[in-house]
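Coordinates in review
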Amino acid sequence: MEVNKLPDSTSNFTKANCFNKWLIGGPPFLFLLIFFAAPSLIMFFTSFRFPGEFGGLAPISPAMDGSSAEYGLTLETYEFLFSDILYAEIFLKTFAIAAVTTLICLIMAYPLALLIARSQKRFRNLMIMLVILPFASNFLIRIYAWMIILGPESVLSHFVNAILGVFGFAPVTLLFSTFAVLIGMVYVHLPFMILPLYTNLEKHDPVLLDAAQDLGANRWQRFWLITWPQSLPGVFAGAALVFIPVLGMFAVPDILGGTGDILIGNLIKDQFLGTRDWPFGSTLSIILTLLVLLIAWLATWLARPSVRQNS
Amino acid sequence: MSRNNIALWAMAGLVYSFLYIPLIIVVVYSFNDSKLNAEWVGFTFSWYRTLFHNEEMLTAARNSLFIAISASFLATTLGTMAGLAIHRCKLKVLPMLAFTPVAMPEILLGVSLLLFFLQVLNMTLGLFSIIIAHTIFCIGFVTIIVRARLQGMDESIFEAARDLGATPWQTFHQITLPLIKPAVIAGALMSFTLSIDDFVITFFTKGVGEPILPIQIYTMIKVAVTPEVNAISTLLMLLTLILIIIANKFDTRMLPGDSEK
């Protein structure tokens, strides 16, 4: 009887407080509908239009002065995107950069997340705070820092080139290269990997490790058979949180990359602020949105079986 | 076992250095008496002095401050409402609308707003369009923080208030609001930091003629790097640090209530 009472009173409570659902939920709903949902739909619609003669968009209806300007809706931008191998290459390069960034982030984040999760409770918050702190500083400043470190006159550049010189290699420039882009990407996104990993690892029951040790499992076996499989949901969550923003990033290649380092983000930026081909820019953005949804779905799907295994 | 720990600590130390050394370098060079970010010549405040005489930079700082205050006010109000509504009413569409802008690449929000402002609203881009854009992605963060606070609370308090004859407004004003206040303040401070630091969305929704801090920094980095960039960076880092310490104070005050459960 006691058990039955509880949900009943809760639902009454919910109902009583929900009469003003539109009063408190309405304003944010409307705001987001107008300034987030509507613009996204507009972008989708724009991807099927013709570009205007001087940038922007061509009219939807035929021009009144009888000019032969294109109008109406079209799939042209999509055909254009899939017909030119150049765009396929840019998409592939972006994916490669995103994959390598995710992998490096995982390798760097895992030991740290594990250490924090296994530290004494009173140190954990401080250690996590120390991870978040640099991440809270301005995004451009964090990229700019690497311009200094990798610059031609920097200590690191001199050091690397001195070593290369000893072995008879030609000197290299670190800045304005794919290498610099990768470092920048890792630096900007690393906390996105550390935090979900830590959240997962912190929940692990140490009893399992003790049991494995008692049964004769060595350090590596304990890690690969117990900790790693249990941490997979955290790994996939972190991977998605790194992979997705890297796909749309334009500032890192813009500042640290060379002329060849053009990613999807740079391509989109150029369509809107450079060549002003809005329909093509919208098409690229729609494709990027689809890719993001696909990866988010994939990450959730991959994380699921191991969640079941644990419970 | 201990060898294992030493290896872990060593790797963790490397990662922490990787996180902090670049920022320390930026700060150190802001006091360097040389135009190049290379050799240490001597200590100086001259880059800060140049900065404070840079009229455009001061306007940019004022503009950014105005945008951050407006956007965080709007986002905190709307985000708190959304958090309450989502927690109370088991809504489906509102969480999607509030959380998606947080999760997707910023560039998508930037270009869709650019299209919307220019094509549909036919308006001139400027401070107003930036405030709207910042509000959109800050709402989600405030909603998350407020909802987390509500989830950690004992629902019977509200029931008690109702049983004692409080109207919904009285319950909200005297019970709910004081209880979620730490979360609201933390959300406001977070929105402020996010807004003043945002580059990508600002880049797409900015107009011509109104200097904005991150855009000024971007231009300086792209065109002519001087240690003035280091000086403004150091000041911005200091501001963020102070805000985080304040926000954290409010955030930890949330914890005792949660652990009682």
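Residues numbered from 1 in each chain as written. Chains lettered and ligands numbered in written order. Predicted model: local features only at pLDDT ≥ 70, side-chain atom pairs only at ≥ 80, totals over all residues.

1. Describing the overall build of chain A
Under the convention used in this document: Each helix corresponds to a stretch of at least 4 residues labelled H or I by DSSP, and each strand to a stretch of at least 2 residues labelled E; elements are numbered beginning at the N terminus. Remark: C-beta atoms are placed from the backbone, and a residue is labelled buried if 20 or more other C-beta atoms sit within 10 Å of its own, exposed if 12 or fewer do, or partly exposed between those counts. For the purpose of contact definition, each residue receives a C-beta atom placed from its backbone, and two residues are in contact when these atoms lie within 7 Å.
The secondary structure content of chain A amounts to 13 helices and zero strands. Going through the 311 residues of chain A one by one, you find that 39% of them count as buried. Sequence-distant contacts, at least 24 apart, represent 70% of the contacts inside chain A between residues at least 6 apart.

2. Some points on the domain arrangement of chain A
All names here are of chain A. Quick reminder of the rule: Each domain span listed reflects an automatic or database assignment of domains. Here the nonpolar group is Ala, Val, Leu, Ile, Met, Phe, Trp, Tyr, Cys and Pro; Asp, Glu, Lys and Arg are the charged ones; every other residue, Gly included, is treated as polar.
Domain assignment breaks chain A into domain 1 (22-50 + 68-74) and domain 2 (82-310). Contacts between the two partners involve six residues from domain 1, matched on the other side by six residues from domain 2. Considered class by class, the residues forming the side of domain 1 that touches domain 2 number three nonpolar, two polar and one charged.

3. Some thoughts on the interface of chain B and chain A
Contacts between the two partners involve 67 residues from chain B and, on the opposite side, 70 residues from chain A. Broken down by element, the residue count for the side of chain B that touches chain A peaks at 14 residues, all from helix H1 (residues 2-29) of chain B.

4. Some remarks on the nonpolar core
Nonpolar side chains tend to gather and get buried jointly when the protein is soluble and globular. Spelled out, the test is: A set of buried Ala, Val, Leu, Ile, Met, Phe, Trp, Tyr and Cys residues, joined to one another through C-beta atoms within 7 Å, is what we call a nonpolar core.
Grouped together as the largest cluster of nonpolar side chains are 148 residues, with contacts concentrated most on Ala-109, Ala-113, Trp-146 and Ile-194 of chain A. Of the residues forming this core, the biggest block, 15 residues, is contributed by helix H8 (residues 178-202) of chain A. Residues within four places of Trp-146 of chain A in sequence aside, it is in contact with Ala-180, Ile-183, Gly-184, Tyr-187 and Leu-256 of chain A together with Pro-22 of chain B.

5. Digging into the packing of helix H5 (residues 121-135) of chain A against H8 of chain A
All names here are of chain A. Short version of the rule: To obtain an axis, a line is fitted to C-alpha atoms, over the contacting stretch when the element is a helix, and the angle between two such axes runs from 0 to 180 degrees between their N-to-C directions. Roughly parallel covers angles under 35 degrees, roughly antiparallel covers those over 145, roughly perpendicular covers 65 to 115, and oblique covers all other angles. Working rule for handedness: look at the near helix, and if it is turned counterclockwise from the far one by less than a right angle, call the crossing left-handed; if clockwise, right-handed.
It is at 10 Å that the axes of H5 and H8 come closest, and there the two elements cross at 155 degrees. When the interaxial angle is binned, H5 and H8 end up roughly antiparallel. Here H5 runs over H8; the crossing is left-handed. Contact residues: Ile-128, Val-131, Ile-132 and Phe-135 in H5; Pro-191, Ile-194 and Tyr-198 in H8.

6. Looking at the environment of Gln-271 of chain A
Residues and elements named next belong to chain A. Summarising the element assignment, Gln-271 is placed in helix H12 (residues 264-274). Look at Gln-271 and you get buried, because 23 C-beta atoms sit within 10 Å. The spatial distance from the C-alpha of Gln-271 to the C-alpha of Val-155 is 38 Å, given a sequence separation of 116 residues. What Gln-271 contacts, discounting residues up to four positions off in sequence, is Asp-277, Trp-278, Phe-280, Gly-281 and Leu-284.

7. A word on H12 of chain A
Residues and elements named next belong to chain A. With eight of eleven residues buried, H12 is to be regarded as a mostly interior element. Residues of H12 that are buried: Ile-264, Gly-265, Asn-266, Leu-267, Ile-268, Lys-269, Gln-271 and Phe-272. Trailing H12 by a residue or two, Arg-276 shows a phi angle of about 60 degrees, which is positive.

8. Section: the packing of helix H3 (residues 55-89) of chain B against helix H6 (residues 127-151) of chain B
Working note: a packed helix pair is described by the angle between its axes plus the distance between those axes. All names here are of chain B. Look at H3 against H6: their axes get within 5 Å of each other, and the N-to-C directions meet at 40 degrees. Relative to H6, the element H3 lies oblique. In this structure, H3 crosses over H6, and the sense of that crossing is right-handed. For the contact of H3 with H6, the residue count by class is 17 nonpolar, twelve polar and one charged.

9. Description of the environment of Leu-8 of chain B
With respect to the helices, strands and loops of the structure, Leu-8 of chain B is situated in helix H1. Exposure remark for Leu-8 of chain B: the 18 C-beta atoms within 10 Å place this residue in the partly exposed category. Excluding anything up to four places from it in sequence, Leu-8 of chain B contacts Pro-111, Leu-114 and Leu-115 of chain A.

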